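Structural features, examined
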Amino acid sequence: MTAIEQYLIDTYRASQHGDPLPPPPGRDDVAVLRAARTYEQFRAVLDGRAAHHPWRAAVRRLLTRPRPC
């Protein structure tokens, strides 16, 4: 069963019981990703590391790693 099918079943059940409708799938995905990024930056500060943007650090790792001969 896909997430959309489950959402439609949950919406139907909620409407039959008078409960509030569930959030649609994927609605909070961006908020979850932002929270994870913020948490990782927070952990970096507590560990004494620089809390740069994670994409910047990933690109730097790719560009500075030694290349095979």
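Remember, it's a predicted structure, so these values are computed and weren't measured experimentally.

Helix and strand counts for the protein stand at 3 helices and 0 strands. Going from the N terminus to the C terminus, the protein shows its helices and strands as α-α-α. Taking the principal axes of the C-alpha coordinates as reference, the protein spans close to 65 × 35 × 15 Å. As displayed, the protein has an accessible area near 6400 Å², and 60% of this comes from carbon and sulfur atoms.

Turning next to the pattern of salt bridges. Proximity of charged atoms lets side chains of opposite charge pair with each other. Counted according to the given criterion, the structure contains 3 salt bridges. Among the ionic pairs, Arg-43 bridges to Asp-47, the shortest N-O distance being 3.6 Å. Separated by 4 residues within a single helix, Arg-43 and Asp-47 lie in helix α2 (residues 29-47), roughly one turn from each other. Within this structure, Arg-43, Asp-47 and Arg-49 form a network of salt bridges that share partners.

Once that is clear, we can look at helix α1 (residues 3-17). Here α1 spans 21 Å end to end across 15 residues, near enough to the 21 Å set by a 1.5 Å rise per residue. Once α1 ends, the next one or two residues include Gly-18, with phi positive near 75 degrees.

Glancing now at the environment of Val-32. As for its placement among the helices and strands, Val-32 is situated in helix α2. A relative accessible area of 54% means that Val-32 is categorised as exposed. Considering only alpha carbons, one finds Val-32 and Ile-4, 28 residues apart in sequence, at a separation of 19 Å.

Moving on to the environment of Tyr-39. The topology assignment puts Tyr-39 in helix α2. Residue classification places Tyr-39 among the partly exposed positions, given a relative accessible area of 48%. Separated by 11 residues in sequence, Tyr-39 and Asp-28 place their C-alpha atoms 16 Å apart.

Taken together, Tyr-39, Phe-42 and Leu-46 make up a surface patch of nonpolar side chains, about 340 Å² in accessible area. Mapped onto the elements, Leu-46 comes out in helix α2.

Of the residues in the protein, 94% have a pLDDT of 70 or more, and the chain-wide mean is 86. When mean pLDDT is taken per element in the protein, α1 scores highest with 95 and helix α3 (residues 54-64) scores lowest with 76.

Calculation rules
Residues numbered from 1 in each chain as written. Predicted model: local features only at pLDDT ≥ 70, side-chain atom pairs only at ≥ 80, totals over all residues. Heavy atoms only, no water. Helix = DSSP H or I, 4+ residues; strand = E, 2+ residues; numbered from the N terminus. Areas by Shrake-Rupley, 256 points an atom, 1.4 Å probe, with all protein chains shown as cover. Salt bridge = Lys/Arg side-chain N within 4 Å of Asp/Glu carboxyl O. Expected span 1.5 Å × (residues − 1). Buried < 20%, exposed > 50% of the residue type's maximum accessible area, 1.4 Å probe, protein only. Patch = residues over 30% accessible without salt bridge, like charges linked within 9 Å, V, L, I, M, F, W, Y side chains within 5 Å. pLDDT = per-residue confidence, 0-100.

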